[in-house]
Amino acid sequence: MSESVNLELMITIIEERPVIWDITLDIYKDRNLTRNAWKEICLAFVEDFDDKSEKYKDDIRKMYLNKWSNIRDNWVRSYKQFKSNERSGSGANKSKKYIFHEQLRFLEKVVDQRPTISSLAKKNDNSEEDNDRSIINECCYAIENENTAEATVSKSPRKSLKSSDQKKN
């Protein structure tokens, strides 16, 4: 089962079957269509695939699925590295493109991250300045009142030691 696989041909065949890789499609979630697509891929590489035992078919299908997963994951990692190096001010970190980079560019559709949207309301800069001013005003008012002895501070009544001693006994 450790057959040599023409990976370029495999990528081309997979590209023709978006049910395997295009998560934006509704058919992507259809397991029967996905299973049939993998069966077609196995038929392209294994002679008499239909005549083999079910266990052998499952093993072959898993082998091709693992190969695809490894290829795709390596490309995604390489693509993200390449994109991060493209940003302004990212320095001179030059990395090689993945060996199948050009062939796998069809995956950009599903890999490019969507812009994030904050769920928090934006603060208005003026309201922040107003908030700072009100805090400063409150502090100044408290200081003025303290200096003029007009401020009243409420103290919580302290428990007498006698009452706490009585409770212990």
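Student: Hey, could you run me through the side chain of Arg-61 in this one?
Tutor: Structurally, Arg-61 is set in helix H4 (residues 54–86). Taking the relative accessible area as the measure of exposure, Arg-61 reaches 12% and is therefore buried. Only 2.8 Å separates the side chain of Arg-61 from the side chain of Asp-58, close enough to count as a polar contact. Excluding residues within four positions of it along the chain, Arg-61 makes contact with Arg-35, Trp-38, Cys-42 and Phe-49.

Student: What is the right way to look at the pattern of salt bridges in this model?
Tutor: Oppositely charged side chains are able to pair whenever their charged atoms sit close together. Using the criterion set out here, one finds twelve salt bridges in the structure. Here Asp-59 and Lys-55 are joined by a salt bridge, their closest N and O atoms 3.3 Å apart. With Asp-59 and Lys-55 both in helix H4, this residue pair falls four residues apart, about one helical turn. Here Asp-73 makes a salt bridge to Arg-72, at a shortest N to O gap of 3.3 Å. Residues joined in a network through salt bridges with shared partners are Lys-97, Glu-102, Arg-105 and Glu-108.

Student: What am I meant to see in the packing of aromatic side chains here?
Tutor: The geometry of an aromatic ring pair is captured by two quantities: the separation of the ring centres and the angle between the planes. Here the structure, examined in full by the defined rule, presents four aromatic pairs. Ring centres of Trp-21 and Phe-106 lie 4.8 Å apart, and the angle between their planes is 65°; on these two criteria the pair is classed as edge-to-face. Pair noted here: Trp-21 is in helix H2 (residues 18–21) and Phe-106 is in the loop between H4 and helix H5 (108–111), with a separation of 85 residues, a long-range link. Both residues of the pair, Trp-21 and Phe-106, belong to the buried class. Between Trp-75 and Tyr-79, the aromatic rings sit 4.8 Å apart at their centres with planes inclined by 20°, giving stacked as the arrangement. Of this pair, Trp-75 and Tyr-79 both sit in helix H4, four residues apart, which is roughly one turn of the helix. Residue Trp-75 shares its accessibility class with Tyr-79, and that shared class is buried.

Student: How should the packing of helix H1 (residues 7–15) against helix H3 (residues 31–45) be read in this particular structure?
Tutor: Between two packed helices, both the angle of their axes relative to each other and the distance between the axes serve to describe the pair. The interhelical angle for the contact between H1 and H3, taken along N-to-C directions, is 150°, at an axis separation of 10 Å. You can see that H1 and H3 cross each other, and the crossing is right-handed. On H3, the residues that touch Leu-9, Met-10, Ile-13 and Ile-14 of H1 are Trp-38, Ile-41, Ala-44 and Phe-45. Looking at the contact of H1 with H3 residue by residue, the class counts come to eight nonpolar, no polar and no charged.

Student: Can you walk me through the confidence of the model for the chain in this structure?
Tutor: Predicted coordinates in regions of low pLDDT should not be interpreted in detail. Of all residues in the chain, 63% have pLDDT values of 70 or greater, and the mean over the chain is 78. Contacts of residues 149–154 to residues separated by more than four positions or lying in other chains number three contacts, the stretch itself having pLDDT below 50.

Parameters at a glance
Residues numbered from 1 in each chain as written. Predicted model: local features only at pLDDT ≥ 70, side-chain atom pairs only at ≥ 80, totals over all residues. Heavy atoms only, no water. Helix = DSSP H or I, 4+ residues; strand = E, 2+ residues; numbered from the N terminus. Buried < 20%, exposed > 50% of the residue type's maximum accessible area, 1.4 Å probe, protein only. Polar contact = N/O pair within 3.5 Å; in protein donor to acceptor, adjacent residues only side chain to side chain. Contact = heavy atoms within 4.5 Å. Salt bridge = Lys/Arg side-chain N within 4 Å of Asp/Glu carboxyl O. Phe/Tyr/Trp six-rings, centres within 6.5 Å; stacked < 30°, edge-to-face > 60°. Axes fitted to C-alpha atoms, helices over the stretch in contact; angles between N-to-C directions. Left-handed = near helix turned anticlockwise from the far one by under 90°. Nonpolar A, V, L, I, M, F, W, Y, C, P; charged D, E, K, R; others polar. pLDDT = per-residue confidence, 0-100.

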